[in-house]
Structure formats: structure tokens, C-alpha cells
Amino acid sequence: MTATRTVHVEGTTPYTVTIAPDLIDDGAALTAALRGRHALLVSDANVAPLYADRVETAMRAARPGLQTARFVMPAGEHEKTLARFGECLDALAALGATRDAAVVALGGGVIGDLAGFAGACWMRGIDVIQVPTTLLAMVDSSVGGKTAVDLPTGKNLVGAFHPPRAVVADTTTLRSLPERELRAGLAEVVKYGAIFDAGFLDWLDAHADALLARDDDAIAEAVARSCRYKADVVARDLYEHGDRALLNFGHTFGHAIETEQGYAGTSGDGLNHGEAVAVGMVLAARLSADLGLAPAADAGRLQALLQRFGLPVALPAGLSPDDLLARMRLDKKADAKGLRFILWDGAGAARMIRDVSDEAVLKVLETPR
Ligand SMILES: NC(=O)c1ccc[n+]([C@@H]2O[C@H](COP(=O)([O-])OP(=O)(O)OC[C@H]3O[C@@H](n4cnc5c(N)ncnc54)[C@H](O)[C@@H]3O)[C@@H](O)[C@H]2O)c1
Ligand SMILES: O=C(O)C(=O)C[C@@H](O)[C@H](O)[C@H](O)COP(=O)(O)O
Ligand SMILES: [Zn+2]
């Protein structure tokens, strides 16, 4: 039996991430942070048929009298839109959700981001409980309070910082996760090693086979370690005025790829978020080497680990470097002075760099590897 792991996220609104098997049947865990009479369960068309009944049954048993409703939307990044966000708000209105109501986000990062944003906006902010069902959502998107939807012009351009009241990560749900999505989550896990801790990259290398085989303990340990890295940084910098931006390693390139591909990710021919971040991290590591900041060998090592996890490491064919560069100008790290990138000094040590020339960025995008 895998032990329960908990991670406490400090800050002005502290909360706990609970990581264990079978939590979606655990009414006490799911409702511990509930304050009112209303809960809107938000999920997608893949996840709801698998788990929504169980979550709702457990919550109602733990809280007799709880009024629940569901908002189930089509799956996929291209659905993380203002239109679906509006529908989610309509579902809160139909439920009659009062200011002490909660939104329960049951799904991957798309659901967590959209439901979290609805929770941030309904009556200027109600409670959000994250119940992540992808590896990526367990290790990253359910923690830290970034919520958002995409615009056709850019990823996550409309959103809010709104920390959840609780994160309930049932590792058993990962058994139904498609292989490709498991690998996508591993990209964000690798990111923590890349930016904070080279020793964690060694641990991932040593446990790669176990992680790919979904060994319960290896997965739970990777989730808990990842959440600890993230909790540490968001506790001291919720609003991304400083170090939190390091979590964006690989994302300036990655978001540009996702946007250029029209968020085709999981449901189409494009890269999903984790895959785009994998490519983006390799490009960021190469840019760092080209600028003389980091050893080229570290970029090679990062690439090898990502490849071991079956992740892409090269730009997909057909994307124009100039178009990608144009997308980056709407990246949230860009400011009036221009583009800024999260680069690294080598494995385990990232930092923000400004004044990177267009030529250097285009060279990395144009060099075939
Ligand atoms: N807020 C943050 O801090 C943060 C961090 C990282 C990523 N993100 C966002 O998260 C999103 C990516 O999240 P994701 O990778 O979880 O994608 P996702 O939410 O699209 O889920 C991936 C796919 O897996 C399916 N799925 C989910 N759980 C399942 C399960 N247990 N069994 C079977 N199928 C399941 C979904 O229906 C979907 O088709 C992106 O929009 C990204 O921008 C946000
Ligand atoms: O939590 C953060 O901070 C992150 O940057 C985590 C990223 O993995 C995540 O993809 C995030 O949504 C990106 O944020 P954005 O501000 O660049 O849209
Ligand atoms: Zn990310």
C-alpha cells in the first residue's frame, strides 16, 4: 500500500496537497475544505464518465444536504476558451452558487485552469478544490494558483492568480491515463530538476523505467517531490515578481509552438503542453549554451533524459522561426524593454535573462539537430 504524502503550500492562503491512492472515494478528503452548500463539479468528456459519479457520491455522503451540479466540457487544449469559461459561469448561476460555494476541478490542467479561473471570477472569487487526474496536473497545474484560458493569439492570456483551498491527488486515476499524457507530465517533472536540482535529474534517470511502468511508489514520490519544489517557490512569490518565473523554463518556446499549432495538442496533430515544454527546454538549454552561459553537454544530458521518457526534443516540421518569434512577443515574460527568457547556467540552476537578441533566438530555432 502506497503511503499518503502531503505537501503544505504556505502563503497568505495556505493549503495542503494530499497525494495517495483512492482519494476520489474519500469524501472526507474531498470535502475537508468545503464551506457552503453548493459545489460545481467541472470535468471533461473523457474524465467525467470515469470518475465524476464516484467523486459526487463520496462528497454527498460526507456532506448530507450538499447541492451539486456538473459542468462537463469537451476535452482538449483548444477548449480552454473564453466561451467555455462563460458556460462554466452559467453553470454556477444555474446552481445558485453562493459566495461560500466551491468549484471542484476534476481533470487535467485544462480543466484545472479553466475551472480555477471560473472560481476566481464568480462573485469575485469562491473556493476551488483541485482534483487532478493527469500526471501533469498533479505535479504542476493544480498547485500554485495560476488559472487561465487561452486566446487564439496566445496561451493563458486571460487569467488570475487564485490559489486552491485544497489539492486532492488520487494517484490511482493515473492508471487510465493515456501513455502519451503520462509522458507529457514527465516533461514538467524533469523541469524541476533542470531549474532547481541536478540531483533530481539523477533520481529521474535512475527511476525512469519505474515511472514509465507507473510503479505506484515511484509515481507518488515524483509527484510529492515536484509539488515540494513548486510549493517552495509559490509560497514566497505567488504573483511571479521574482523566482516563480523560473517555472517558465522552456515555456517561451513551448507556448509559441502550442499557439502556432492552434492548440491542436492532444486531440490533433500538434504537440500537447508537456511535449511543447520538452522541446522548449531543449531549445532554452541550447540557447544558454550558444550565449556562453552553460555547458553544451548539459543540454545534451537534458535532451537524453527527455528522449528516455519518449518526449519530442526537436521543433515540429512546418513551423516558421519568424512566426514563432512573433508569438514570443506576447509572452507574459516580455515587457516594454523586450523579450526575456528563462535560461540556465547548467543543470539545476536557472535564471531570467533579458536582452537576448532576435538573431540568437532565430539561430536556435533554425538550427536542425
Ligand atoms: N496553472 C498552472 O500552473 C499550469 C501548469 C502547467 C500546465 N498548465 C496547463 O495545463 C494544461 C495541460 O494539462 P494536461 O496535460 O493535464 O492536459 P489535459 O487537461 O488536456 O488532459 C490531457 C488529456 O488526458 C485526459 N485525461 C485526464 N485525466 C485522465 C485520466 N485519469 N484518465 C484518462 N484520461 C484522462 C483528458 O481528457 C485529456 O484528453 C495546459 O493548458 C497548460 O497550459 C497550467
Ligand atoms: O506555475 C507557474 O508559475 C508556471 O509557470 C507553471 C507552468 O508549467 C505552467 O505551464 C503555467 O501555466 C505557465 O504560466 P504562464 O504565466 O507562462 O502562462
Ligand atoms: Zn507548463
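Fair warning: this is a prediction, and the values are worked out from it, not measured in the lab.

Undergrad: Quick question: what am I supposed to make of the overall build of the protein here?
TA: On a plain count of helices and strands, the protein comes out with 14 helices and 11 strands. Seen along its three principal axes, the alpha-carbon backbone of the protein occupies a region of about 60 × 45 × 40 Å. The proportion of buried residues among the 369 residues of the protein is 52%. Here the analysis covers contacts within the protein between residues at least 6 apart in sequence; of these, 75% occur between residues at least 24 apart.

Undergrad: Hey, could you run me through the site of ligand 2 in this one?
TA: The local shell around ligand 2 consists of Asp 140, Gly 144, Lys 146, Lys 155, Asn 156, Glu 188, Glu 240, Arg 244, Leu 247, Asn 248, His 251 and Lys 332. No fewer than three residues from each of domain 1 (5–176) and domain 2 (180–366) sit in the shell around ligand 2.

Undergrad: Before we go on, may I ask you to explain the packing of helix α11 (residues 273–290) against helix α14 (residues 358–366) in this structure?
TA: Two measures define how a pair of helices packs: the angle their axes make with one another and the distance between the axes. Orientation of α11 relative to α14, taken along the N-to-C sense of each, is 125 degrees, at an axis distance of 10 Å. In terms of their interaxial angle, α11 and α14 are classed as oblique. For the crossing formed where α11 meets α14, the hand is right-handed. Of α14, the residues touching α11 (which contributes Leu 283, Arg 286, Leu 287 and Asp 290) are Ala 360, Val 361, Lys 363 and Val 364. In terms of residue class, the contact of α11 with α14 is built from five nonpolar, no polar and three charged.

Undergrad: Help me understand the nonpolar core in this model?
TA: Grouped together as the largest cluster of nonpolar side chains are 119 residues, with contacts concentrated most on Leu 40, Val 42, Val 103, Val 104, Leu 106 and Ala 284. Among the domains, domain 1 (5–176) and domain 2 (180–366) are the pair contributing at least three residues each to this core. When sequence neighbours within four positions are dropped, the list of residues in contact with Leu 40 reads Ala 69, Phe 71, Ala 91, Leu 92, Leu 95, Ala 97, Val 103 and Val 104.

Undergrad: Explain the packing of helix α6 (residues 179–196) against helix α9 (residues 216–236) here, please?
TA: For the pair α6 and α9, the least separation of the axes is 10 Å and the interaxial angle reads 45 degrees. In terms of their interaxial angle, α6 and α9 are classed as oblique. Viewed along their axes, α6 and α9 form a crossing whose handedness is left-handed. Residues Val 189, Tyr 192 and Phe 196 of α6 touch α9, and the partners they reach there are Ala 222, Ser 226 and Tyr 229. Taken together, the residues that form the contact of α6 with α9 break down as five nonpolar, one polar and no charged.

Undergrad: Explain helix α4 (residues 109–121) to me, please; I cannot follow it from the model alone.
TA: Every α-helical turn comprises 3.6 residues, leaving residues that sit three or four positions apart pointing alike. In a regular helix each residue adds 1.5 Å, so 13 residues correspond to 18 Å; α4 covers 18 Å between its end C-alpha atoms and thus fits that length. Of all 13 residues in α4, 12 are buried; the element is thus mostly enclosed. Turning to α4, its buried residues number three or more, namely Gly 109, Val 110, Ile 111, Gly 112, Asp 113, Leu 114, Ala 115, Gly 116, Phe 117, Ala 118, Gly 119 and Ala 120. Once α4 ends, the next one or two residues include Met 123, with phi positive near 50 degrees.

Undergrad: What exactly am I supposed to notice about the site of ligand 1 here?
TA: Near ligand 1 lie 34 residues; those nearest to it are Asn 46, Gly 108, Gly 109, Thr 134 and Ser 141. If you list the elements that add at least two residues to the shell around ligand 1, you get α4, α5 (135–141), β8 (154–161), α6 and α11. Its residues placed into classes, the shell around ligand 1 shows 10 nonpolar, 16 polar and eight charged. When residues of the shell around ligand 1 are assigned to domains, at least three fall in each of domain 1 (5–176) and domain 2 (180–366).

Undergrad: Quick question: what am I supposed to make of the UniProt feature "binding site: NAD(+)" (unreviewed entry) in the protein here?
TA: The feature "binding site: NAD(+)" (unreviewed entry), as given by UniProt, occupies Gly 109, Val 110, Ile 111, Gly 112, Asp 113, Thr 133, Thr 134, Lys 146 and Lys 155 in the numbering adopted here. The residue Gly 109 is located in helix α4 in this model. According to the C-beta neighbour criterion, Gly 109 is buried, with 27 such atoms within 10 Å. Along the polypeptide, Thr 133 turns up in the loop between β6 (127–132) and α5.

Undergrad: Sorry if this is basic, but what is going on with the sheet that holds strand β3 (residues 38–44) here?
TA: Within a sheet, neighbouring strands are paired by backbone hydrogen bonds and run either parallel or antiparallel to one another. Overall, mixed pairing links the seven strands, which are arranged β1-β2-β9-β6-β5-β3-β4 in an open sheet. If you trace the sheet from one side to the other, it starts and ends with β1 (5–9) and β4 (67–73), each paired once. Within this sheet the neighbouring strands show an average axis-to-axis angle of 15 degrees, counted without direction. As judged from the seven bridges shared by β3 and β4, these two strands associate in the parallel manner. Bridge pairing in β4 links Asp 44 to Met 73. Where helix α3 (residues 82–95) meets the sheet, its contacts fall on β3 and β4, and the angle it forms with β4 comes to roughly 160 degrees. Those strands touched by α4 are β3, β5 (102–107) and β6, and its axis lies near 170 degrees from that of β5.

Calculation notes
- Residues numbered from 1 in each chain as written.
- Chains lettered and ligands numbered in written order.
- Predicted model: local features only at pLDDT ≥ 70, side-chain atom pairs only at ≥ 80, totals over all residues.
- Helix = DSSP H or I, 4+ residues; strand = E, 2+ residues; numbered from the N terminus.
- Buried ≥ 20, exposed ≤ 12 C-beta atoms within 10 Å, placed from the backbone.
- Contact = placed C-beta atoms within 7 Å.
- Near = placed C-beta within 6 Å.
- Domains from an automatic or database assignment.
- Axes fitted to C-alpha atoms, helices over the stretch in contact; angles between N-to-C directions.
- Parallel < 35°, antiparallel > 145°, perpendicular 65-115°, else oblique.
- Left-handed = near helix turned anticlockwise from the far one by under 90°.
- Nonpolar A, V, L, I, M, F, W, Y, C, P; charged D, E, K, R; others polar.
- Core = buried A, V, L, I, M, F, W, Y, C linked by C-beta atoms within 7 Å.
- Expected span 1.5 Å × (residues − 1).
- UniProt positions renumbered as here; feature names shortened; annotations may be inferred.
- Pairing = 2+ DSSP bridges.

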